[in-house]
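Below, each chain spelled out in residue letters.
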Amino acid sequence: MYSTNPHQELLQAIANLNDQQIPLVLQFISSLETPINNYPTSAKTVLERMGGYPKFLLEGSGDLSDRDVRKKAIADIIQARHQTRNYE
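Residues numbered from 1 in each chain as written. Predicted model: local features only at pLDDT ≥ 70, side-chain atom pairs only at ≥ 80, totals over all residues. Heavy atoms only, no water.

A. Quick peek at the overall build of the chain. Per the secondary structure count, the chain includes 5 helices and 0 strands. Put simply, the chain runs from its N terminus to its C terminus through helices and strands in the order α-α-α-α-α. Within the chain, buried positions represent 0% of all 88 residues. With the model as given, the accessible surface of the chain reaches about 8800 Å², and the carbon-plus-sulfur share is 57%. (Helix = DSSP H or I, 4+ residues; strand = E, 2+ residues; numbered from the N terminus. Buried < 20%, exposed > 50% of the residue type's maximum accessible area, 1.4 Å probe, protein only. Areas by Shrake-Rupley, 256 points an atom, 1.4 Å probe, with all protein chains shown as cover.)

Next up, the structure:
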């Protein structure tokens, strides 16, 4: 195909459409005319959509970068879960 004007190529392609394809092309063209700024966007971050920071991370007691403190914190959580399951 020879290099032609894109407008001419588009007009030729439209001229070759059948009656069932024309409404689809018109719908597509109208979707292109809608500015991108009109689309709804979510300004919330992932954490905001999840409900914020988990409270157990914010209420920690001590430096969780220390291995012993971290192990004790995890053990406390597991024991608390185990006790609530046994007494229910």
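B. Up close: the pattern of salt bridges. Under the defined criterion, the tally for this structure stands at 1 salt bridge. Between Asp76 and Lys72 there is a salt bridge, with the nearest N and O atoms lying 3.1 Å from each other. With Asp76 and Lys72 both in helix H5 (residues 67-87) and 4 residues apart, the pair spans about one turn of that helix. Look at Asp76 and you get partly exposed, because its relative accessible area is 37%. (Salt bridge = Lys/Arg side-chain N within 4 Å of Asp/Glu carboxyl O.)

C. Structural view of a nonpolar patch on the surface. A contiguous nonpolar surface patch, about 470 Å² in accessible area, is contributed by Ile22, Leu26, Phe28, Ile29 and Leu32. A relative accessible area of 57% means that Leu32 is categorised as exposed. (Patch = residues over 30% accessible without salt bridge, like charges linked within 9 Å, V, L, I, M, F, W, Y side chains within 5 Å.)

D. Structural context of the confidence of the model for the chain. Residues with a pLDDT of 70 or more make up 75% of the chain, whose mean pLDDT is 79. Per-element confidence in the chain ranges from a low mean pLDDT of 68 for helix H4 (residues 55-58) to a high of 89 for helix H1 (residues 6-15). (pLDDT = per-residue confidence, 0-100.)

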